[in-house]
Amino acid sequence: MNEQKPLRLRKRAEFLTVRNGEKRRGVYFLVEVKEREDQVGPPRVGFTVTKKNGNAVIRNRIKRRLREAVRVNVADDMQAGTDYVIVARRDALNAPFADLTRELSKRVSRKILTRRSTKA
C-alpha cells in the first residue's frame, strides 16, 4: 500500500502530458493515467470538469465530490510515480458516493490486461 498522500496536478502542461497516457473509461468519469519518467515520489492527481457539465457551482460540487472520494478511499490504490487526471461526467454529481468511490477505485488500480484482443 502507498503511504504517501497524492499531490495535485496544477499546470496545464502536466495535464497535457497525462493526456497521452492510458485512458480508462468509467460510468461517471474518464481516468487518464501516465507513469512519470522519474518513477519516484507520490502519485499526483488532477481533476477536470468541463463547462458542458453545468455552471461554476455544479462544476465545483462535482470536483469536491471527486476530491473527497480520492482522499477517503482511493489514495491507497494509486501507484507511486504515476499521474492521474480524472475527467468528470455530469452523472458524478448525483451518483451515490459509495458507487462513485467503488468505480474510481476500480479505474485507478492497476490493470493486468489492458488490450481487448491479442493477435499473433
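- In the annotation of an unreviewed UniProt entry, the protein is listed under the name Ribonuclease P protein component and assigned to Phyllobacterium zundukense.

1. Observations regarding unusual backbone geometry
Okay, step 1: With phi around 60°, Gln39 is a residue other than glycine that occupies positive phi space.
Okay, step 2: Within the secondary structure, Gln39 sits in the loop between β3 (29-35) and β4 (44-48).
Okay, step 3: For Gln39, a relative accessible area of 39% translates into the label partly exposed.

2. Structural notes on the nonpolar core
Okay, step 1: Grouped together as the largest cluster of nonpolar side chains are 23 residues, with contacts concentrated most on Phe29, Ile62, Leu66, Ile86 and Leu104.
Okay, step 2: Of all the elements in the fold, those that place two or more residues in this core are β3, β4, α2 (56-74), β5 (82-88) and α3 (97-108).
Okay, step 3: Setting aside residues up to four positions removed in sequence, Ile62 forms contacts with Val49, Asn53, Ala88, Arg89, Arg90, Ala92 and Leu93.

3. Remarks on the layout of surface pockets
Okay, step 1: In this structure, the largest pocket encloses a volume near 210 Å³.
Okay, step 2: Around the largest pocket, the lining residues are Lys5, Pro6, Leu7, Arg8, Val45, Phe47, Arg67, Val70, Arg71 and Ala75.
Okay, step 3: At the level of elements, β1 (7-8), β4 and α2 are the ones that each hand at least two residues to the lining of the largest pocket.
Okay, step 4: Grouping the constituent residues of the lining of the largest pocket by class yields 6 nonpolar, no polar and 4 charged.

Reading guide: rules and limits
Residue indices begin from 1 for each chain and proceed along its sequence in written order. Thresholds applied to this predicted model are a pLDDT of at least 70 for local features of residues and 80 or more for the giving and counting of side-chain atom pairs; totals over whole chains, interfaces and linings are not thresholded and use all residues. To obtain the side-chain values, all non-hydrogen atoms of the structure were included, while hydrogens and water were left out. Every helix listed is a DSSP run of H or I at least four residues long, and every strand listed is a run of E at least two residues long, numbered separately from the N terminus. Burial classification: accessible surface area is computed with a 1.4 Å probe over protein chains only, and a residue below 20% of its type maximum counts as buried, one above 50% as exposed, and the rest as partly exposed. Throughout this description, the term nonpolar core refers to a set of buried Ala, Val, Leu, Ile, Met, Phe, Trp, Tyr and Cys residues connected via side-chain atoms within 4.5 Å. Residue contacts follow a heavy-atom distance rule, with two residues in contact if any of their heavy atoms lie within 4.5 Å. The distinction between a cavity and a pocket rests on a 1 Å grid over the protein atoms alone: a 1.4 Å probe fits inside a cavity but cannot get out, while a pocket stays open yet meets protein on both sides within 12 Å along at least five of seven lines, and a residue with an atom within 4 Å of a point counts as lining. Grid points are joined across faces, edges and corners, and a volume is the space filled by probe spheres set on the points. Residues are sorted three ways: Asp, Glu, Lys and Arg are charged, Ala, Val, Leu, Ile, Met, Phe, Trp, Tyr, Cys and Pro are nonpolar, and all the rest, Gly among them, are polar.

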